[in-house]
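# Structural overview for review
What follows is each chain in one-letter form.
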Amino acid sequence: MITLPQGKNEDISIVVTGAAGQGIQTVEDILGKVLKRSGLNVFATKEYMSRVRGGNNSTEIRVSSKSVRAFVNRIDLLICLNKGLRNYLKERISSDTVIIGDIEEMGKELAGRGQMFFDVPLLHFAKELGSPLFANVVAAGIITSLFDVDMSLLEQYFDERFGAKDKGLVTKNIDAAKKGYEIARELAEDITVKMDHNSEIGKELLLTGSDAVALGAIAGGCNMIFGYPMSPATGVLSHLSQVAEEFGIVTEQTEDEISAMNMAIGGWYAGGRAMVTTSGGGFDLMSEGLSLVGIGESPMVIHLGQRPGPATGLATRTEQADLNLALYAGHGEFPRAILAPGSIQEAFYMTQHAFNLAARYQVPVFILTDQYLLDSSYNLPAFSCEGLKVEKHIVKTDESYKRYVITEDGVSPRGIPGYGEGLIAFDSNEHGETGRNMDEDPQIRSEMNAKRMRKLKGLEEDSLPPALYGDVDYDVLLIGWGSTKHIIEEAMEKFSRPKTAFLQIRQPFPLHSSTKDYLKRAKVIVDIEGNATAQMANLIKLLTGIEASYRILTSSGMEITVEELLIKLRCLHI
């Protein structure tokens, strides 16, 4: 008999693996929603190959009576829908891992590891139910039964998902889930799961990072989104397309990213609030349009979902290597802001904030996410919209209106066509205050360039301060940004070193003035990033003159795990 969770662990890490096309994402969706509704905290993240069929994909689902929000290396329960485990998963299997799969397919592959293996021919049972595709639902039934989840919650799930289209499909899925429950009753003689359920958790939201960015855009007044499908950023376009009619949003899958950026520029010019969503390779095509945003002093919101490059790189994996791209893209010099949410909550609030920031300063604002953050999900309380406002910063013009009038803070009053009597000029050439004619006078060029760059002062004053976690009387300071937030938090807790804190950089640029003070107080600074060159550490050194003592970097395409980070921290002997 084995009881989960084991040892000192308070959660169970489940990994379900199978070929692309076997519905691994469906298993994640079923388990996430049903386990949450039953009163358990869930965290889920996926890794998948860039192909429609074949290969081998997996999803990790952490389940706990306490909040869980980070990726771990440990596998407590592994369910295999097919053979052909990739080395990445084999390396994560330990002698404590409980494996459920077909012994004829998996036996030789997993022999000699000492783990407990239960022979369950999932594909055979699925074919008996009418289709091999039901293997994923049988697996979901096994897991939910082990966690003592009432079958009615699964029935409710299938009715919600398929009931409006095909009642027969609802019945078939319920039958497959019941088969999983039947198998689990037999396994219960050898596997026991002990976990407290809390009905209040069932009332919480279950969102991905993509969901949060999309919802934040709606809260920010977004009424236009343009993009060309490119993982991992497509989810935001898909989400907003599904609710476009309800919220009055124009959504357009353009022929390419050049068109997406230019349509968004036109949207802001006409008085809309537009966003483009893309990944690094797509944003490369937008960079010329970004310079047009710069000289035209147009607001712009750019959601940049990072993945490994160069070129196609690893199309469905994660990395934090596009900070420099966002910071330096576009020819010439012009101000911008870069926000880096580290959680699903922050993805919502920072996206909402991005629209107001762009409108106020008439600059491009980047929301820098990555595949891990966008594709991960966990339960959380509903967002509070109290105090959230849509700030338009638009003026009614008169006949004397000058679009680019020189001001002390560099921000000119912004008019839009049809609202007032003024002429709303927009020119890609350098121009004077009216914006109506190209002007090559050196003095005017200097004045207009200086006017635009003065916006940086206001952007710096309005920048988001970094967030400090841990011992306020620290001498060791961990610094990170973006999706590493919860991983660093959990690793720091397990690190258990007194006088250690974590500084989360929430806005890489302009960097908040308090950042330098936090850094100066530390004796040892450890930079943690998902790239090969420490882009954030280099930027911090450039802006503050302070260099990190150590750098923990990963650029494998996989997010660093809690255990991997903990080992690397301990190896520093600090």
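Model, not experiment: these values are computed from the prediction.

On to the nonpolar core. Among the nonpolar cores identified, the biggest contains 107 residues, and L240, M275, L478 and L565 are the most heavily contacted of them. Ranked by the residues each element gives to this core, the list is headed by helix α14 (residues 344–361), at 10 residues. With 54 residues, the next largest nonpolar core counts I100, V120, A177 and L187 among its residues.

As a further point, take unusual backbone geometry. Following S231, the chain continues to P232 via a peptide bond in cis, the omega torsion being 5 degrees. Looking at the element boundaries, P232 is found in the loop between β10 (224–227) and α9 (234–242). The phi dihedral of S496 falls on the positive side, at around 55 degrees, and the residue is not glycine. Position of S496 among the secondary structure elements: in the loop between α18 (485–495) and β19 (500–505). Despite not being glycine, H573 shows a phi value in the positive range, around 55 degrees. The residue H573 is located in the segment after α21 (562–571) in this model.

In space, the 5 strands of this open sheet follow the order β17-β19-β18-β20-β21, with mixed pairing throughout. The open sheet is flanked by β17 (467–470) and β21 (550–553), the only strands paired with a single partner. Each adjacent strand pair in this sheet contributes to an overall mean axis angle of 20 degrees, direction not counted. In terms of strand pairing, strand β18 (residues 476–481) meets strand β20 (residues 524–529) through 4 bridges, oriented parallel. What sits directly across from L478, in β20, is V526. α18 rests against β17, β18, β19 and β20 of the sheet, and its axis sits at about 175 degrees to β19.

What counts and how
Residues numbered from 1 in each chain as written. Predicted model: local features only at pLDDT ≥ 70, side-chain atom pairs only at ≥ 80, totals over all residues. Heavy atoms only, no water. Core = buried A, V, L, I, M, F, W, Y, C linked by side-chain atoms within 4.5 Å. Buried < 20%, exposed > 50% of the residue type's maximum accessible area, 1.4 Å probe, protein only. Helix = DSSP H or I, 4+ residues; strand = E, 2+ residues; numbered from the N terminus. Pairing = 2+ DSSP bridges. Axes fitted to C-alpha atoms, helices over the stretch in contact; angles between N-to-C directions. Contact = heavy atoms within 4.5 Å.

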